[in-house]
Structures are given as structure tokens and as C-alpha cells.
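One letter stands for each residue in the lines below.
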Amino acid sequence: MTTKSFGQRVQRTEDERFLRGRGQYTDDLLPDALHVAVLRSPHAHARIGDIEVDAVLDVEGVVAVYTYEDLEGAMAEPLPLLIPHPALTHGRTQYALARDEVNYVGEAVAMVVATDRYVAEDAAARITVVYETLPVVVGIDAARDASRLVHDDVPGNVAARMEQSTGDAAAAIAKAPHRLELELDIERSACMPLEGRATAARWDTDTSRLTVWTSTQTSTGVRAAVASKLGLDLVQVDVITPDVGGGFGVKVVHPWPEEVLVPMAARLLGRPVKFTEDRREHFISSAHERAQHHHVEVGFDDDGRVEGLSVQFWHDNGAYTPYGLIVPIITSTQLLGPYKPPVYSVVFESLYTNTVIVTPYRGAGRPQGVFAMERTMDAIAAYLGKDRAAVRAVNFIQPDEFPYDQGLIFQDGKPLIYDSGDFPQSLDKIKALVGWDDFERVRDEARAEGRTVGIGLACYVEGTGVGPYEGGHVQVETTGKVKVSTGLTTQGQGHQTAFAQIVADELGVRFEDVEVVTGDTRRMPYAVGTYASRAAVMSGSAIALTARAVKAKALKLAADALEVAEDDLEVADGVVSVKGAPSSNVSLGTLAVLSNPLRYAFDEASKSATQFSVGDPDAVPVPEGESPGLESRDYFSPPRSTFASGMHAVVVETDPETAEISILRYCVVHDCGRLINPLIVEGQIHGGVAQGVGGALYERMAYDEHGQLQNASFMDFLMPYVSEVPREIEVDHLETPSPLNPLGIKGAGEAGVIPSAALFASAIEDAEGFAITRMPISPSELYALRLEHATTEGADR
Amino acid sequence: MEADLTWRVDGVEHTLAVDTRTTVLDALRDRLGNTSPKKGCDHGQCGACTVLVDGRRQLSCLGLAVAHDGSEITTAAGLVDGDELHPVQQAFVDHDGLQCGYCTPGQVCSAVGMLDEVKAGHPSAVSDDLEADVELDEDEIRERMSGNLCRCGAYSNIVAAIEEAARA
């Protein structure tokens, strides 16, 4: 009998290749390609005068140089606005190479193609560009002030203003027994995958076909963009996503300028061309996220039950808006978390600044929303003198209230309806795991030793598995090996393993006989992409449905071959056998032969298939409605997103002298529905927590008033090393299946990072006894807050 | 300006002429086609390019190739013994010590070099007694591996993997 694979801690099949140094990332490919260096704007806001490139062409090894003047047709148009929205009244996107004006440091101005990167960079340095600098807008305050404009034709720097409400929040707040107002800030961070962006392209002159390898989260998106920009038919373009060294959101934006410029150059030059971003380029010209300022007003009763909630916030979208309003829309809706305020209203403005674009980074607006909501819960608890967990509990949606309609429209344009969950049980679990009710004893013991500790709690709900669809293709070869493909891409989530587990169970084959390919438009031309914690839900479900279809086809053939009813058959380890009479059997490989009326006896399976006879001898070889081959292609398209949830708790210690913040315990209760592979899910949680720790305590983008990024290196932008992450991340799972997909699963990829800012603020506030309203927080900032509060308290006395 | 250089890389000798500005990393990747070490920052700040040079771990993006004429260089690809993974590599599989795999060749080279440093008695910033044999506890592993970034955050499992490899 085949051992059930779904739900098991199966070791990842990807690992060995990576460990042997055989990972194949984009820069590892096309060793003979020409190399690209991009000249980028040194100014945050400037008009471009003359660009002088003649000196470049004198450099030995330079093959071509391009500026905006060299772009033709659709290439000369602005890059696409991927996700338009009616509220985005002033959407703006950049050109592949800047035209007339630059709006952030790092914007691509010219591109040099040369025999190697050393030469290309030397040559790019010879280009002279005349810039007339313009006033610079950096930060939300400057953008709101609007005395300077990023785009002349965008009044107030406002790209969009959007409002949603479920009733008259102001009236509900006014009537409530208690009221609070909060101002809450989060600064910029970024995905910062260790592999930056990279694109390689080869034009085949003989066949007029373009092959593009790119480090992307959406191969089909890049394919469509490249075809459209270069005026090619879609079938002339193949996009292959090789191994990707981390994405976390930044690689879902498409096309990046280089993703169309490199194929353009490859086609014009008739030679393979490659662009590999360096780290400084990634800092200044790939996307950031997170910066928002929030104003919260809340009214509540004596138990802390929210009666009305009103939120205003301002979102820094950088210089352009290629990704529309996804991030602030997610903040505005997912802010509600596991709670059910009877009346909620939210309004946001998305603002231009002269900084690099802002697009989703793991969590995508949720960390900010959770920060606003959870800080509010803590403030209510502090105001009433109540337990923070108890205040949350009275506001929870209850298990019998699902599906729960929040009365808003979510990022995917669908109603914000939570499908399932059990928040009270999650809270019980996290309290038990961290020892919430026993913490005063821990605090007292620490205090007796002269140490200061605090505990924090944060809850979140994450809409995952957004549509519109993904597909799966499953094919049984005559060897019995099963080849699976799905169009979305992989950047470390173990898709090959998790999807093979699904196929092994659904089809009844051995896990090791299943091979999964992702992100290759030659294998699966219709697909969406890997973002929004959607891969397992969308492609996992599509692949499961496809495997079921293949199994049905196999059973029909086997019933015919073995002359029994389909109901009397079972499939295990790649063999279909008669229940109770296992010696009467036929392998899936043999059935693959039988499924194809054209049977050259090339292999053993074909020869052994000759003992069986299938099909109606009086019918045509491939009857209507059937197809040759033991294979199928199917798609999964859910009615709306499925909502995962979780609660994190942390115990921190703050140094009384240096204000250093140490993590003593980190606990997670996580509910992503049914688990395909707990090993992979826990890895995703660990990774999210590590990024969350970075976002809460270390990472910020330090732009100066001129729009220069002052910390554009790993030495100055502090990401957690192994020395900064919690020693142990204690994880407990809760599994409330989703009713919206065939496997009952929910997304897990982003979850770990979502509550971090709220969580650490809660714990540090608990340790220190004063409000924490800005994140991230460094020891020096905490120290400054101590001085400020000591002075205030002194003045109060 | 070019200079000649002879190396043994993963057990194979190579003689090549390189632009004197060429780093060890670029020479390995672009000249020898050995893409095992990865470029994460090119500034010695991420550790993805870590290789063993004459047995010591080194950031290959920070060294000039011409400065290592005659050296024996081992990348993650050269740690294996035929089909057999190095015990450190196997421990990474057993403990799920990686996700996207980009930092992984550097992590394993760093771990192998680090374990040899421990055997040789090198103290670290968290060693209490600079003269005594090193007791490789979790604090020591974290300190000694703190030059290798993993943005996927597989750190807890990397530590577990190295603990196991150290016991073997």
C-alpha cells in the first residue's frame, strides 16, 4: 500500500541539488552572453538634458548602448500599470529608460551592452548626462505637505484616495462609553532576496523565437509583457524561470525595465544578453515597502468591546505606481484581523515621493494593518486596566459565525468573507504555549534579579490563495514516471516536494516517481504567479484536480483492460489492481501505452501492453471527448480568497542601561488549514519570523532629504544574521480546513512576518511601561524614549 | 592588465590568464564556469560566495584571483565525495537548513571551515576562555556563522544541522 504522503514531514527533494552547488539561478546560465550595465540616475528628481554616449562606443568590448531615444514602438511607451483601480486617479509608471525626467535615485537612464560586466561598468561611467535638479519630496510628511510635487500633473502628490466603510463610524465612536486616538508609524524596509533581479535572453535568428530566463515570481506575466513590448506573437516567446534565490514580493513586479530591455538587446544584436543586478542596484532601484502613517480613532465599552473604529492612513508609494493600490487596500481591509467591530470606516491616500517604487513585500500591507489594530487593542487594555488577551477575546469573531462577511471589498475585488477559523482556540493555544497567565511570576523573578522583561501578543488574519486561477498538467509516461507542471514559479517554498506529495496521494504513485516543473511557459502557458501566499492553495488544488482526472482515466482504461468494473479497482504504488485479487493488475506505465492508439513498441512497457485490449473495436481510435495519452490538464479557480490566521507571542528583555532588546521566547500558533508538509510550513514560519524580527528591530531605509539612500549595503541595512533571530521558534498548529478548495488548505508563505511590528511593540511597551508608536525601534530610539518619559514624569510631579 | 594564475579548484588544476582586477569569485564563476559559489553582495557582507582556500573559509568576492596563485580552492560542489554528500551537507538535508538555496553553498563551506577552526582551537568573540578547547554550543555556532546571511531565515535549522554535523 502506498504510504500517505500528504501531511507528512517529507524531506525536500530540492535540497541536494542546492547543497551540491548545482542550483541554476539566472546568472549561472548563458555563460557566453553579453553583459549589461545600467546607468542610473544619481538624482532623486531632475530633468534630463543632453545624454552624451559617443565616448562609450570607443571602449573596447562595448557592443551597444541604449537610451530612451533608441527605444521604438511599445518600448517607448511607459511601462504598464499592472493593476488599475478606479480610485487610482493619478497612476504613473516609468519608462524602461528614463524620458526627460527622473523621479528617484536609481531610475534607469541608459544601458550598455559589452563583452563582460567589468567593461560594461567602465563604459557606463563614461556616459555624460546633463541633469537639471528639481525639488525633492522624501517621506510622508513632505508628500502630504505638497509644497513640492513629484509629478507636476499630480496635485497634492496624491495618486489615489480610497474610502470604505460599513456604517457611520464617527457616530458609533461618539456614542461609545470610552474613546481613544492613536498615531502610529511604520518605516520602509524591503524584500532583499540574496539573489537580486536577473534576466538573460537569447534570440534564435533562424526560428525568430525568443527565450528569456528571468528571476521572477511570474513567468507568464513577463512573457506577455515581453511579447507586447517587442511586438512579438506570444508563441514566439518562451519564459523560463530557473532557480530563484528568494523573492518575497519584489520579483512579482513585471516587467522590470531590464526584463524588456535585455530581450530587446538580444533580438537587436542577435546574441545572448544577460543582466545581473548588483546589491547597490537592488537597494536603490528595486522595490521597497511598509512606510505608512496611521491615525486611529476607536470607541469601546467597559469590557473593551469595540463599538466603532475609524482609521485614516497615508501610504508612501514611491515615485510610480506600477502595482496599483494593492498594498494600501490590503492594509485597509486586513487591519480588521480576527475582530468584528460593528462599524468600521477607513480612508487612505497613496502618495508620491521621490524614492524607489513601493510594491508588495512579504505580508504586503498586513504588517501595518496589524500594527494599527493590535496597538489599538493594547491601548484599550491599558486604558481599562484589563488583560490584553481578554480585550482581544471579547472582540473575536466566534467559530460559529463563519463564513463571516466583514462588509468590505478585498484586494481581489471580491467581498471580504472569512471562510473558516477558530480564534478563541488559537488564543488558548498561544497563551498556554507562552505561559501568558503565569507571566507576572516571570516578571517578578526577573525584576528580583534587576532585569526588565515584557510579553507581547499579536493576532492576524491573512487572506491567502487569491485567484483568479492556476493550472496543473499531469502526465504518466510509459515508464510509469509522473511528470507534473504548473505555471507559477518557485523561490524556495519547496513546491517540487509539496506538489509531488499531493500527486503521490491523489494518483496512487510513489512520491519519488513524481517530478514537478514550475514557471516554464513551454510547459504551462496559462498561469498567474507566486505571491499572496497562493501557490499551495492554487497550484496545489489545480494539481490535485488534474491528478484525479488522470486517475479516472487510468481506472477507465484499467477496467477495460482487466475486464472488471472501475469500482473494483484500486491504485497504489503506480499499479492498478483488482481489490482482493492483487495479482490481477496493470501498471500505470502500461496504461499510458494503452491510452495512445499509436503504439510503436519502443520500450518494455509497450511490449507488455500487447497482452491487453482496450477500446471499442467498432469506434474510431480516439472517440469524441477523449484524448490520447494518460495525461490531463485542469485549472482551479476559487470563488474568493481563503483566510489563514495566527497568533504570536514574544518575551523580550530590555537592558536597563544600553536599551538593547533581546528575545527570550518566541511562540507561534498558526492555522493554515490542512498542512501538506509541516516541515515546509515551519520553514516558512521561521523565515517570516526572521524577516519580522528584522523589520521590527533593525531594518529601515535611511533616505536623506535629497532622496539619497544612505544605507544601501548589507553593512548598513541591518538584516538578521543567525545571531539575531530567536534561539527557538516554538510552533503549534491549528488546522481549520478551508471549504473553498479540494484540499482544505490555506496559504502559509507570508504569515510569519505579519504580526512582528505589533508584537514587539506590545512586548517592549509591556517591559518599559510607556507607549511604543513607531516601528522599527532601535536601542538608541528606545533609550531616547526612556529619557523623554523620565522628563515627562518628572515634569508631571 | 592580465596575469597568469594556476589553481586547483575542486581537485582539478586550472591555468588561466585573468584581468588583474578579477576577484576569486568572478574567476571561478565567469572563467571556470564553477557557479557553485554565489554573488549576494560582492562586498563581503553576505557570505554567499564563501569557499575554502587552502582549507580556510574565505569570502571569494573580496580576494583578487591573482593573489591566490597556487592555492587549493574548494567550493560546495567539491565538498562531496562522489555521490556522497559531505556530512555537513547531509545534515542540512536532514534538518531542512535551506529554502531558496542561494546562500546554501556559502553556508556549507562556512560551516565546514568553521568546524575545522573549532578543532584547531580557535576561540571566537563569545568564547569565555581563549586558551581552552572550544565547546561548540549554540552560542558559539551562532557567533561563528554570523557572517552568512540567509534571507529565507532558515537559521534555526542551520544551527541544528551544524550541531549534528559537529557531533558526527
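What this report covers is the structure whose coordinates are included nearby. A quick note: this is a predicted structure, and the numbers were derived from the prediction, not measured.

Thresholds, definitions, all that
Residues numbered from 1 in each chain as written. Chains lettered and ligands numbered in written order. Predicted model: local features only at pLDDT ≥ 70, side-chain atom pairs only at ≥ 80, totals over all residues. Heavy atoms only, no water. Contact = heavy atoms within 4.5 Å. Buried area = accessible area lost by both parts, 1.4 Å probe. Salt bridge = Lys/Arg side-chain N within 4 Å of Asp/Glu carboxyl O. Polar contact = N/O pair within 3.5 Å; in protein donor to acceptor, adjacent residues only side chain to side chain. Helix = DSSP H or I, 4+ residues; strand = E, 2+ residues; numbered from the N terminus. Nonpolar A, V, L, I, M, F, W, Y, C, P; charged D, E, K, R; others polar. Phe/Tyr/Trp six-rings, centres within 6.5 Å; stacked < 30°, edge-to-face > 60°. Buried < 20%, exposed > 50% of the residue type's maximum accessible area, 1.4 Å probe, protein only. Lys NZ or Arg CZ within 6 Å of the ring centre and 35° of its normal. Expected span 1.5 Å × (residues − 1). Arc of directions from axis to C-beta.

## Structural notes on the interface of chain B and chain A
Opposite the 49 residues of chain B that make contact, chain A presents 50 residues. Among the residues of chain B in contact with chain A, Gln45(B), Gln99(B) and Arg151(B) are the three that bury the most area, contributing 20% of the side total. The interface formed by chain B and chain A holds 8 salt bridges in total. Across the pair Arg727(A) and Glu138(B) runs a salt bridge whose closest N-O atoms are separated by 3.7 Å. For the interface between chain B and chain A, the tally reads 29 residue pairs in polar contact (both at pLDDT 80 or more). Of all elements in the fold, only α1 (24-31), α2 (76-79), α3 (87-94), α4 (104-119), α5 (138-144) and α6 (155-167) of chain B reach the threshold of two or more residues within the side of chain B that touches chain A. Considering only residue class, the side of chain B that touches chain A consists of 19 nonpolar, 17 polar and 13 charged.

## With respect to the packing of aromatic side chains
All names here are of chain A. Under the criterion given, the structure shown has 15 aromatic pairs over all chains. Relative to Phe714, the ring of Phe283 lies with its centre 5.9 Å away and its plane at 70°, an arrangement referred to as edge-to-face. Taken together, the residues span a long stretch of sequence, with Phe283 in helix α8 (residues 279-285) and Phe714 in the loop between α18 (678-697) and β28 (729-733) at a distance of 431 residues. You'll find Phe283 and Phe714 in the same group, each marked buried. Here the aromatic rings of Phe410 and Phe643 are separated by 5.5 Å at their centres, their planes lie at 50°, and the arrangement is tilted. Taken together, the positions of Phe410 in the loop between β16 (404-409) and β17 (415-418) and Phe643 in strand β26 (residues 642-654) put the pair 233 residues apart, joining distant regions of the chain. Judged by its relative accessible area of 3%, Phe410 falls in the buried class. Phe643 sits in the buried class, given a relative accessible area of 2%. Taken together, the aromatic side chains of Tyr339, Phe396, Phe402 and Phe423 make up a single cluster linked through ring pairs. The side chain of Arg144 reaches across the aromatic face of Trp314, ending 3.7 Å from its centre. If you follow Arg267 out to its NZ or CZ, it ends over the ring of Trp203, 5.2 Å from the centre.

## Examining helix α12 (residues 423-434) of chain A
Residues and elements named next belong to chain A. Counted at 1.5 Å a residue, the expected span for α12 with its 12 residues is 16 Å, and the 16 Å between its end C-alpha atoms agrees. Looking only at α12, the buried set comprises Phe423, Ser426, Leu427, Ile430 and Val434. The buried residues of α12 occupy an angular sector of 100° when the element is viewed end-on, so they sit on one face. Looking at α12, the residues exposed on the side facing more than 90 degrees away from the buried face are Asp428 and Ala432.

## Details of unusual backbone geometry
Residues and elements named next belong to chain A. Note the cis peptide between His254 and Pro255, where omega equals -10°. Positionally, Pro255 belongs in the loop between β11 (237-240) and α7 (257-269). In this structure, Ala659 is a non-glycine residue whose phi angle is positive, near 65°. By the secondary structure assignment, Ala659 is in the loop between β26 and β27 (661-671). What makes Ala659 buried here is its relative accessible area of 0%.

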